Amino acid sequence: MPIWVQAGLWGLFTGSALIVGSVFGYFFNLKQKVIAIIMGFGAGVLISALSFELMEEAFEQSGLLPSSIGFLSGALIYYFANKFLEKSGAKHRKRSQQQQPSEDEQQGSGIAIALGALLDGIPESIAIGISMLEGGAVSIATVIAIYISNLPEGLSSSAGMKKAGRSKLFIFGIWLGIAILSSLASILGYSLFSQLSPAINGATLAIAAGAILNMISATMIPEAFEKGHSIIGLMCVLGFLSSFLLSHF
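All residue numbers refer to positions counted from 1 along the written sequence of the respective chain. Per-residue local features are limited, in this predicted model, to residues with pLDDT of at least 70; the limit for side-chain atom pairs, both in listing and counting, is 80 or more; totals at the level of whole chains, interfaces and linings are taken over all residues. Processing note: side-chain calculations cover all non-hydrogen atoms of the structure and skip hydrogens and water entirely.

An unreviewed UniProt entry lists the chain under the name Zinc/iron permease, with Zunongwangia atlantica 22II14-10F7 given as the organism. In its Subcellular location (unreviewed entry) section, UniProt records this for the chain: "Cell membrane". UniProt positions are given in the numbering used here, feature names are shortened, and annotations may be inferred rather than shown by experiment. The annotation that UniProt attaches to the chain under Sequence similarities (unreviewed entry) is "Belongs to the ZIP transporter (TC 2.A.5) family."

Draft legend 1. Broad picture of the packing of helix 1 (residues 3–27) against helix 5 (residues 140–163). Orientation of helix 1 relative to helix 5, taken along the N-to-C sense of each, is 30°, at an axis distance of 6 Å. Accordingly, the angle class assigned to the pair helix 1 and helix 5 is roughly parallel. For the pair helix 1 and helix 5, the sense of crossing is right-handed. Lines fitted to C-alpha atoms define the axes, with helix axes restricted to the stretch in contact, and inter-axis angles between N-to-C directions lie between 0 and 180 degrees. Think of it this way: any DSSP run of H or I at least four residues long counts as a helix, any run of E at least two long counts as a strand, and we number them from the N terminus. Here roughly perpendicular refers to angles of 65 to 115 degrees, roughly parallel to angles under 35, roughly antiparallel to angles over 145, and oblique to all remaining angles. Left-handed describes a crossing in which the near helix is turned anticlockwise from the far one by less than a right angle; the clockwise case is right-handed.

Draft legend 2. Local environment of empty space enclosed by the protein. Here a cavity is any set of points on a 1 Å grid over the protein atoms alone where a 1.4 Å probe fits but cannot get out, and a pocket is any open set with protein on both sides within 12 Å along at least 5 of 7 lines; a residue lines the site when it has an atom within 4 Å of a point. Grid points are joined across faces, edges and corners, and a volume is the space filled by probe spheres set on the points. This structure, assessed with the given rule, holds two cavities of 30 Å³ or more. Considering only enclosed or pocket space, the largest cavity measures out at about 50 Å³ in volume. Lining of the largest cavity is provided by Thr14, Gly15, Leu18, Gly121, Glu124, Ser125, Ile128, Ile146, Asn150, Ile178 and Ser182. Within the residue set of the lining of the largest cavity, elements represented by two or more residues are helix 1, helix 4 (109–131), helix 5 and helix 6 (168–193). Among the elements that line the lining of the largest cavity, the one with the most residues is helix 4, at four residues. Three classes are used: nonpolar for Ala, Val, Leu, Ile, Met, Phe, Trp, Tyr, Cys and Pro, charged for Asp, Glu, Lys and Arg, and polar for all others, with Gly counted as polar. Of the residues assigned to the lining of the largest cavity, the class counts are four nonpolar, six polar and one charged. As a volume, the second largest cavity reaches approximately 40 Å³.

Draft legend 3. Focus on the side chain of Glu124. As for its position among the elements, Glu124 is in helix 4. The exposure class assigned to Glu124 is buried, which follows from its relative accessible area of 1%. What makes two residues a contact is simply this: any of their non-hydrogen atoms within 4.5 Å. Setting aside residues up to four positions removed in sequence, Glu124 forms contacts with Leu46, Ile146, Ser149, Asn150, Ile212 and Met215. Summary of the burial criterion: residues with accessible area below 20% of their type's maximum are buried, those above 50% are exposed, and those between are partly exposed, where the area comes from a 1.4 Å probe applied to protein chains only.

Draft legend 4. Structural context of the layout of surface pockets. Volume-wise, the largest pocket comes out at about 170 Å³. If you trace the largest pocket, you find it lined by Gly74, Ile77, Tyr78, Leu119, Ile122, Pro123, Ile126, Thr204, Ile207, Ala208 and Ala211. When contributions to the lining of the largest pocket are tallied by element, the ones reaching two or more residues are helix 3 (64–90), helix 4 and helix 7 (198–228). For the lining of the largest pocket, the class distribution of residues is nine nonpolar, two polar and no charged.

Draft legend 5. Highlighting the confidence of the model for the chain. The predictor reports its confidence for every residue as pLDDT, a score running from 0 up to 100. In the predicted model, the chain carries a mean pLDDT of 83, and 88% of its residues have values of at least 70. Ranking the elements of the chain by mean pLDDT puts helix 4 last with 74 and helix 8 (residues 231–247) first with 91.

Draft legend 6. Expanded view of the pattern of salt bridges. Here, a salt bridge means any Lys or Arg side-chain nitrogen found within 4 Å of an Asp or Glu carboxyl oxygen. Counted under the stated rule, the structure contains one salt bridge. As a salt-bridge pair, Glu226 and Lys227 come within 3.7 Å of each other at their nearest N and O atoms. By relative accessible area, Glu226 is classed as partly exposed at 33%. Looking at Lys227, the relative accessible area reads 23%, which means it is partly exposed.

Draft legend 7. Spotlight on a nonpolar patch on the surface. Patch membership requires more than 30% relative accessible area and the absence of a salt bridge. Residues of like charge join within 9 Å; the nonpolar side chains Val, Leu, Ile, Met, Phe, Trp and Tyr join within 5 Å. Computed with a 1.4 Å probe, the accessible areas rest on the Shrake-Rupley method; for each residue, only the protein chains presented here act as cover. Taken together, the side chains of Met1, Leu9, Leu12, Leu176, Ile180, Leu181 and Leu184 define a hydrophobic patch exposed on the protein surface, amounting to about 670 Å² of accessible area. Mapped onto the nonpolar patch, the elements with two or more residues apiece are helix 1 and helix 6. Counting residues per element, the nonpolar patch draws most heavily on helix 6, which supplies four residues. Looking at the element boundaries, Leu176 is found in helix 6.

Draft legend 8. Layout of helix 7. Compared with the 45 Å implied by 1.5 Å per residue over 31 residues, the 42 Å span of helix 7 between its first and last C-alpha is a close match. Fitting one axis to the seven residues ending at a residue and another to the seven starting there, the bend at that residue is the angle between the two axes. At Ile216, helix 7 shows its largest bend, some 40°. To estimate the expected span of a helix, subtract one from its residue number and multiply by 1.5 Å.

Draft legend 9. Looking closely at the packing of helix 2 (residues 32–62) against helix 7. Between helix 2 and helix 7, the least distance of the axes is 8 Å, while the angle of their chain directions is 165°. One way to sum up the angle between helix 2 and helix 7 is to call them roughly antiparallel. Crossing angle aside, the handedness with which helix 2 passes helix 7 is left-handed. Considering only residue class, the contact of helix 2 with helix 7 consists of 22 nonpolar, eight polar and four charged.

Structure representation (structure tokens):
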């Protein structure tokens, strides 16, 4: 099977976690603390993966300065894009309660939430594609980390969308669309960057890592802590350790 096809399938696999999470969030009334615990664990897993997989590979390919600049650039890009979407109604896109505005309360907020969810997921998918450039094999630790982190995102966001009065078609349509776009982003990450130098690829991985860490800090951890409180720190540590052990087997 061509490597670009494999990259697309891995991107689709991680994106499918959003759909699985959305089904649970929409049809099952899970306790808020359970959602928070899953999200805290997922945040820890993702932090570990970007530390020991993405940034390590970025450093090896491009060196200290380009990877550092790329990391900061990714964080800044996410920050400004996220600020714009927050003003458009996507500030509480990961919230499971009634914080999300309805379309009547803020016109265009549905599109903003969809774009916000896309903003959260695309850096991860591109990173999957780029990570397959070295030897054509995906990092299982990275894939599992992204999958686990996507589950609570789909779960929490879908519960919040339902309470904001959004239709079933809108909710599941968003996650299906993002799963498909995640697959395409992974293909793009492999196909486009296979033509470029390792230094550029490494810097791009660092950009993705910076964007992911900003996303975790700005959206996942605050939502998790609000509902789970002190136990979230412990769950984040357990998630980090689980991913660390997986990456060293």
